[in-house]
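Coordinate analysis (summary)
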Amino acid sequence: MTTGVNTGPGRVLVAVYGIFALAASARAGVQIAAKFSEAPLAYSLSAFAAVVYIVLTVALARGNERLAVAACLIELAGVLVVGTLSVVDSQAFPHATVWSGYGSGYLFIPLVLPVIGLLWLFGTRRRGQG
Amino acid sequence: MSAVAHGPALATGTLLGMFSAYSGWVIGAALLLAVVSLVTAIRNRPMGALILAGLVLVELALVVQAVIALPKAGQVTEQATFVGYLIGTIVIPPAALWWGRAERTRWGPAVIAVAAFTAGVMTGRLLQLWDMP
């Protein structure tokens, strides 16, 4: 009963991902509705980040490990790529997305979260088999 | 906690003063709840009546805050964001309660700690948005 990905510490992970899903969706929604033409690339990535967080929240909450691992990898790649782009080419990212500056506007949680997520997912898998 | 620099506006100054004073208490209550929940989780206890009562109180305070602030959203530059934060603050605690209560271990209060901390931070962001010219 306690080996599931959505119980114990996994419950906290779902809570944090849920909050990020909410924050990223709201932020992307405002950006796209109000000023999409200002920075289409950044705001599209913002929306993409929101979708990744929503998928992750649902996958983790429902215990869909395979989907959660895939989404965690995409999230990690996203925060690294967008973080690097926002530092190298700040012109393309005039307004922050969740992943800008490696998530510096969110206490770097977006950078740490996928690593914790992957560790947790692989940890429960190993415990489940052993 | 209420280290918000007040603008020169006179008419809205008193209103902002009242709002930030109230919100200061809301932030304090939310952070206190976060600390109590975190301590409970560290002590390896499930959620008890204290955390439940605290969460209900914080939620009531957040609803009052939203009722006060919502009609004033027109005065804020980042209107959509402001309203989004107000809705977020009142939605998160019940969602956390629903999700955290099912877990009768230390991880139940840990969920509440995350939610209470988030509600406190979001209230702080509300104050900043309100203060923005």
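Residues numbered from 1 in each chain as written. Chains lettered and ligands numbered in written order. Predicted model: local features only at pLDDT ≥ 70, side-chain atom pairs only at ≥ 80, totals over all residues. Heavy atoms only, no water.

**Some words on the overall build of chain A**
- The helix and strand inventory of chain A stands at four helices and zero strands.
- For chain A, the succession of helices and strands along the chain, N to C, is α-α-α-α.
- Over its C-alpha atoms chain A spans a radius of gyration of 15 Å, differing by no more than 12% from the 14 Å that the globule rule assigns to 130 residues.
- Summarising its shape, the C-alpha atoms of chain A cover approximately 50 × 25 × 20 Å along the three principal directions.
- Scored against the burial criterion, the 130 residues of chain A give a buried share of 43%.
- Relative to all contacts within chain A whose residues are 6 or more apart in sequence, the contacts with residues 24 or more apart total 66%.
- For chain A, the exposed surface amounts to about 6400 Å²; the carbon and sulfur share of it is 69%.
- In chain A, the 8 positive side-chain charges and the 4 negative ones have mean positions that sit 15 Å from each other. (Helix = DSSP H or I, 4+ residues; strand = E, 2+ residues; numbered from the N terminus. Rg over C-alpha atoms; globule rule 2.2 N^0.38 Å. Buried < 20%, exposed > 50% of the residue type's maximum accessible area, 1.4 Å probe, protein only. Contact = heavy atoms within 4.5 Å. Areas by Shrake-Rupley, 256 points an atom, 1.4 Å probe, with all protein chains shown as cover. Lys, Arg positive; Asp, Glu negative; His and termini not counted. Charge placed at Lys NZ, Arg CZ, Asp CG, Glu CD.)

**Quick look at the layout of surface pockets**
- The calculated volume of the largest pocket comes to roughly 1400 Å³.
- Taken together, 48 residues make up the lining of the largest pocket; nearest its centre are A:Ile19, A:Phe20, A:Ala23, A:Tyr106 and B:Thr118.
- Looking at the lining of the largest pocket, the elements with two or more residues in it are helix H1 (9-35) and helix H4 (109-129) of chain A together with helix H1 (11-42), helix H3 (79-101) and helix H4 (107-131) of chain B.
- Among the elements that make up the lining of the largest pocket, the one with the highest residue count is H1(A) (14 residues).
- The residue makeup of the lining of the largest pocket, split by class, is 36 nonpolar, eight polar and four charged. (1 Å grid on protein atoms, 1.4 Å probe; cavity = no way out; pocket = protein on both sides within 12 Å on 5 of 7 lines; lining within 4 Å. Points joined across faces, edges and corners; volume = space filled by probe spheres on them. Nonpolar A, V, L, I, M, F, W, Y, C, P; charged D, E, K, R; others polar.)

**Topic: the confidence of the model for chain B**
Residue and element names in this part refer to chain B.
- Per-residue confidence for chain B averages 87 on the pLDDT scale, and 88% of its residues sit at or above 70.
- The spread of mean pLDDT over the elements of chain B runs between H1, the lowest at 87, and helix H2 (residues 49-69), the highest at 95.
- Segment residues 1-11: pLDDT under 50, and twelve contacts once partners within four positions in sequence are set aside and those in other chains are kept.
- For this predicted complex, the interface score ipTM comes out at 0.86, while the overall pTM is 0.87. (pLDDT = per-residue confidence, 0-100.)

**With respect to the nonpolar core**
- Ranked by size, the top nonpolar core spans 67 residues in total, and within it A:Tyr17, A:Tyr53, A:Leu56, A:Leu60, A:Trp99 and B:Phe82 carry the most contacts.
- Mapped onto this core, the elements with two or more residues apiece are H1, helix H2 (40-62), helix H3 (65-88) and H4 of chain A together with H1, H2, H3 and H4 of chain B.
- The element best represented in this core is H4(B), accounting for eleven residues.
- A:Tyr53 has contacts with A:Tyr17, A:Phe20, A:Ala21, A:Ala24, A:Glu75, A:Val98, A:Trp99 and A:Pro110, leaving out every residue within four places of it along the chain. (Core = buried A, V, L, I, M, F, W, Y, C linked by side-chain atoms within 4.5 Å.)

**A few points about the pattern of salt bridges**
- For the structure shown, the criterion picks out two salt bridges over all chains.
- A salt bridge links B:Glu103 to A:Arg11, with the shortest nitrogen-to-oxygen separation between them at 2.6 Å. With B:Glu103 in the loop between H3 and H4 and A:Arg11 in helix H1, this pair bridges two chains. Accessibility assignment for this pair places B:Glu103 and A:Arg11 in one class, buried.
- We note a salt bridge from A:Glu65 to A:Arg125, for which the minimum N-O separation is 3.6 Å. Of the two residues, A:Glu65 is situated in helix H3 and A:Arg125 in helix H4; the sequence distance between them amounts to 60 residues.
- For A:Glu65, a relative accessible area of 27% gives the class partly exposed. (Salt bridge = Lys/Arg side-chain N within 4 Å of Asp/Glu carboxyl O.)

**What about the interface of chain A and chain B?**
- If you look at the interface, chain A gives 13 residues, while chain B gives eleven residues.
- Roughly 1200 Å² of surface becomes buried between chain A and chain B when both sides are summed, with 77% attributable to carbon and sulfur atoms.
- Counting the surface chain A buries against chain B, the share from its top three residues, A:Arg11, A:Val12 and A:Ile19, is 45%.
- Counting every contact that joins chain A to chain B gives one salt bridge.
- Applying the counting rule to chain A against chain B returns three residue pairs in polar contact (both at pLDDT 80 or more).
- The element best represented in the side of chain A that touches chain B is H1(A), accounting for nine residues.
- Looking at the side of chain A that touches chain B, its residues break down into nine nonpolar, three polar and one charged. (Buried area = accessible area lost by both parts, 1.4 Å probe. Polar contact = N/O pair within 3.5 Å; in protein donor to acceptor, adjacent residues only side chain to side chain.)

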